[in-house]
Amino acid sequence: MENAVASVEYLKLAMTGQWIPIYVSAPFFYVLAVLMSQEKANPVDHARLAGLFVDASSGWRLEHSWGGGEPERMYLASGLGESGGSTFAGGQQLVYRRQMHGLEAYIELDQRLVQALDVHFMPERSAYCRINGSGDIEAVIKVERLPPDKNGHRGHLVSVRAEDLGKYMAVTGTVLAAKFDFTRVDHKKIGFDGWDGAERDSFKAPDLVHHSGRVPGRCSFANGWIIVRPAKTVAEVMEEENAAVDRSKRQHVNFIIQDIRHGRIVTCSAAPGASTNYFDAVEGLPFELSPVFFRAEVMAKYKADTDKYQIDGRMIRCREAWELRSFDINEAGQVHTYLQDLSHLPYEEQLYWKSFNEEPKAPISKRSYTSDFLGEWTDEIDPLDELKRLTTTLDGECFPWWVTRGQAVRLAAQYPSLENAAEWGDEILHLDQLVVEGFKDSELRKIAAFRGATVAANWRSLRLIEAILVATGNSPEQAKAIMVPLQRMHALRSILTAHTGGATKGEEQRKAIAEHNTYRAHFEHLASGVLDGLTAIIAALDGDKAVT
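Before going into details, it helps to say that this report is about the structure given with it. Note that this is a predicted model, so its numbers are computed, not measured.

Points about the overall build of the protein
On a plain count of helices and strands, the protein comes out with 17 helices and 24 strands. Taking 24 Å as the expected radius of gyration for a compact globule of 548 residues, we find that the protein reaches 34 Å, considerably beyond that expectation. The principal-axis extents of the C-alpha atoms in the protein amount to approximately 100 × 70 × 55 Å. Out of the 548 residues in the protein, the part that is buried amounts to 44%. Summarising the internal contacts of the protein: among those between residues at least 6 apart in sequence, 59% fall at separations of at least 24. Accessible surface for the protein amounts to roughly 28,400 Å². Of this, 52% is attributable to carbon and sulfur atoms. Of the side chains in the protein, 61 bear a positive and 75 a negative charge, and the two mean positions are spaced by 4 Å.

See the structure below:
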């Protein structure tokens, strides 16, 4: 009870840590930090600062005043009192405690800080967050409710990452000035009857001043101000930011590449300068467009976390953090990209790709060679890409018989690797979700009735569409041929994604390999049939007008 000054030592440590507390409101423990102009902090006028009171409940207001020999007037006033002679002139209040009758008190942060640090509040994390260089969501400002005390009172703790707060202070020319007030007393055991007779003391240093008192055996207090200065100058901050965008100053990984310039397989760094472009053609260096090959498993991470990663055509994106501009899959099932594209990835991501790197087992895909080296449009039709394009058009047309699929469903649909049966089943599921789940049974039933088709009460979308095709003028055989790929896909979804294995599942896996050699080839064949079927279905449901 007698050593409240120990809390000052704890605060000093906290102010040098990774997270800087800028507001703590708890029983017997209070901290509120504001920003003060560096000009007014060199040196700090502790005599003036000691008498100042800052309150998180105060904030911006429309002040209405009159008298004093001046005309009646209104103006915008700050809770800090930022008039020219104020200690906090040119400073900034960071935390605002807001409250209204019927609402629990809540915390707002100054929008200059929030927007400058490019952070957004995420309630589920109780923090203002952003996407870091690795594509992960990271907290930058935490706004936490403290556990209730014995009386049920709950306080707040607001803390900012020291690195970000230091950068903000350096750029804005400010320092952090934190008012603190600590009290130690046990009301239940001892009681409290004031500070009369307390032994008092004071401490003063350039960036710390406090007054303390204690009543031996009963209670103690300590209150004052602590100043935290930015660890870096503006010049150092700018130097760091320049280095962050300069690829030549980053770490890079060595990859096994196909040096197409010299016709050899070599190891080469992804760092700029280790390769050359066609225009400079530095002697002895491989081209930046040298292909690099990887085992198919490299894609597993990106397919598994569709919230973080997006596979869009031949590109992989990681939120707002990075993108792999171009990749493809060759006939041997290897994923391939180019050395230059790998050089743009974060170092940790390069290490991940490095773990799957291997020598080429076949050339790059025909599509990649045609588009990337010949600069020509490829005449190869990618059935999955076409299905995505077609469903995007359907989403935009808002047909009553079509349920909007959305970008997330399209991005989830990808090609499987050559030999992974589980992945093959998952991708058939995604393909089924992209196409078959887009049909709306109730509207198809209305169309069937309008066309005079006879349907059973328990028929679902695919049977209904087949009946509509016949009613539209197709022979039963033609209608069946159109629907077979979609029916086959829908049946495979149920078989392959079942929780149990069984002979049927194994039989389908063996059949796919026997007929198409690889799971990917089977999937391409299936997707091609589904594309033809969907195109015919759209023509029939849209009055013989195909969606383009």
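Structure shown, so let's carry the discussion forward.
Topic: the packing of helix α14 (residues 461–472) against helix α15 (residues 476–496)
Contact geometry for α14 and α15: axes closest at 9 Å, N-to-C directions at 160 degrees. Comparing the axis directions of α14 and α15 gives the class roughly antiparallel. Viewed along their axes, α14 and α15 form a crossing whose handedness is right-handed. The residues of α15 that touch α14, namely those facing Leu462, Ile465, Glu466, Leu469 and Val470, are Pro476, Ala479, Lys480, Ile482, Met483, Leu486, Gln487 and His490.

Structural notes on the sheet that holds strand β21 (residues 322–324)
Across a sheet, paired strands are connected by hydrogen bonds in the backbone, their directions being either parallel or antiparallel. The antiparallel open sheet is built from three strands, whose spatial order is β19-β20-β21. Because the sheet does not close on itself, it has two edges, and the strands there are β19 (309–312) and β21. The average undirected angle you get between the axes of adjacent strands in this sheet is 15 degrees. With three bridges connecting them, strand β20 (residues 315–318) and β21 associate as antiparallel partners. Each residue of the ladder has a partner; that of Ile316, found in β21, is Leu324.

Some thoughts on the side chain of Gln334
With respect to the helices and strands, the residue Gln334 is situated in the loop between β22 (328–329) and β23 (335–338). A polar side-chain atom of Gln334 sits 2.9 Å from the main-chain carbonyl oxygen of Glu359. Among the polar contacts listed, one links the side chain of Gln334 to the backbone nitrogen of Lys361, at a separation of 2.7 Å. With residues near it in sequence (within four places) discarded, Gln334 still touches Phe293, Phe294, Asp328, Ile329, Glu358, Glu359, Pro360, Lys361 and Ala362.

Looking at helix α1 (residues 5–14)
Among the residues of α1, Ser7, Val8, Leu11 and Ala14 are the ones counted as buried. Along the axis of α1, the buried residues cluster in a sector spanning 115 degrees; they form a single face. Buried residues along α1 sit against β1 (19–26), β2 (29–37), β12 (174–185), β14 (208–215) and β15 (219–228).

Calculation notes
Residues numbered from 1 in each chain as written. Predicted model: local features only at pLDDT ≥ 70, side-chain atom pairs only at ≥ 80, totals over all residues. Heavy atoms only, no water. Helix = DSSP H or I, 4+ residues; strand = E, 2+ residues; numbered from the N terminus. Rg over C-alpha atoms; globule rule 2.2 N^0.38 Å. Buried < 20%, exposed > 50% of the residue type's maximum accessible area, 1.4 Å probe, protein only. Contact = heavy atoms within 4.5 Å. Areas by Shrake-Rupley, 256 points an atom, 1.4 Å probe, with all protein chains shown as cover. Lys, Arg positive; Asp, Glu negative; His and termini not counted. Charge placed at Lys NZ, Arg CZ, Asp CG, Glu CD. Axes fitted to C-alpha atoms, helices over the stretch in contact; angles between N-to-C directions. Parallel < 35°, antiparallel > 145°, perpendicular 65-115°, else oblique. Left-handed = near helix turned anticlockwise from the far one by under 90°. Pairing = 2+ DSSP bridges. Polar contact = N/O pair within 3.5 Å; in protein donor to acceptor, adjacent residues only side chain to side chain. Arc of directions from axis to C-beta.

In short, shape yes, function no, at least from these values alone.
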